[in-house]
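The primary structure of each chain is shown beneath.
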Amino acid sequence: MSNADQLAKQCVENINFNTLNGFPAEDANVLFTTPKGWKAPPKFPRSELTTVNPNTGERVRRISAMRLLAYLIGNNLTTIKIEMKALK
């Protein structure tokens, strides 16, 4: 499983969690770690810097799960299989 697939899976899980618990799906976020000096690829959605590790320089960023998922699918980095389940 590639990093893009893992990120997509985390996005879907966070969106589902928000939906099942009565929160808006748009409020779902994903945290990811980037190395010092990392530059986002073109058209990558904006993220919020939350923490910087002073020893290694790694940065923890928060990004909207919906926007990240749209970016990954839109750039053909991952695909999603949708399963519909009946509500009881």
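See the structure above.
Structure report, in brief. Quick caveat: nothing in here was measured; it's all calculated off a predicted structure. (Residues numbered from 1 in each chain as written. Predicted model: local features only at pLDDT ≥ 70, side-chain atom pairs only at ≥ 80, totals over all residues. Heavy atoms only, no water.)

Now for the layout of surface pockets. Of the volumes computed, that of the second largest pocket is approximately 200 Å³. In terms of lining residues, the second largest pocket is bounded by Ala4, Leu7, Phe32, Thr33, Thr34, Trp38, Pro41, Phe44, Leu68, Tyr71, Leu72 and Leu77. Mapped by element, the contributors of at least two residues to the lining of the second largest pocket are helix H1 (3–20), strand E1 (29–34) and helix H2 (65–74). Among the residues making up the lining of the second largest pocket, the classes are represented as 10 nonpolar, two polar and no charged. (1 Å grid on protein atoms, 1.4 Å probe; cavity = no way out; pocket = protein on both sides within 12 Å on 5 of 7 lines; lining within 4 Å. Points joined across faces, edges and corners; volume = space filled by probe spheres on them. Helix = DSSP H or I, 4+ residues; strand = E, 2+ residues; numbered from the N terminus. Nonpolar A, V, L, I, M, F, W, Y, C, P; charged D, E, K, R; others polar.)

For the rest of this paragraph, the subject is unusual backbone geometry. Even without being glycine, lysine 43 reaches a positive phi, approximately 70°. Residue position: lysine 43 is located in the loop between E1 and strand E2 (48–52). On the basis of relative accessible area, lysine 43 is assigned to the exposed category, the value being 78%. If you check the backbone angles, asparagine 76 has positive phi at about 55° while not being a glycine. Considering the arrangement of structural elements, one finds asparagine 76 in the segment after H2. (Buried < 20%, exposed > 50% of the residue type's maximum accessible area, 1.4 Å probe, protein only.)

Let us now look at the environment of phenylalanine 44. Mapped onto the fold, phenylalanine 44 is located in the loop between E1 and E2. Exposure remark for phenylalanine 44: the relative accessible area of 18% places this residue in the buried category. Considered as a pair, phenylalanine 44 and threonine 33 are 11 residues apart in the sequence and their alpha carbons are 15 Å apart.

What follows covers the side chain of arginine 61. On the secondary structure map, arginine 61 appears in strand E3 (residues 59–64). There is no salt bridge for the buried arginine 61, and the closest opposite charge comes from glutamate 48, which lies 10.0 Å off by N-O distance. One polar contact links arginine 61 to threonine 34, side chain to side chain, over a distance of 3.3 Å. With near-sequence residues (within four places) excluded, arginine 61 lies in contact with Val30, Leu31, Phe32, Thr34, Trp38, Ser47, Glu48, Leu49 and Thr50. (Lys, Arg positive; Asp, Glu negative; His and termini not counted. Salt bridge = Lys/Arg side-chain N within 4 Å of Asp/Glu carboxyl O. Polar contact = N/O pair within 3.5 Å; in protein donor to acceptor, adjacent residues only side chain to side chain. Contact = heavy atoms within 4.5 Å.)

This brings us to the sheet that holds E2. Reading across from one edge, E1-E3-E2 is the order of the three strands in this open sheet, with antiparallel pairing throughout. Since the sheet does not close on itself, it has two edges, and those belong to E1 and E2, each with one partner. Within this sheet the neighbouring strands show an average axis-to-axis angle of 25°, counted without direction. One ladder, built from six bridges, connects E1 with E3; its direction is antiparallel. The partner of threonine 34 across the bridge, within E3, is arginine 59. Contacts from H2 reach E1 and E3, with the element oriented near 85° to E3. (Pairing = 2+ DSSP bridges. Axes fitted to C-alpha atoms, helices over the stretch in contact; angles between N-to-C directions.)

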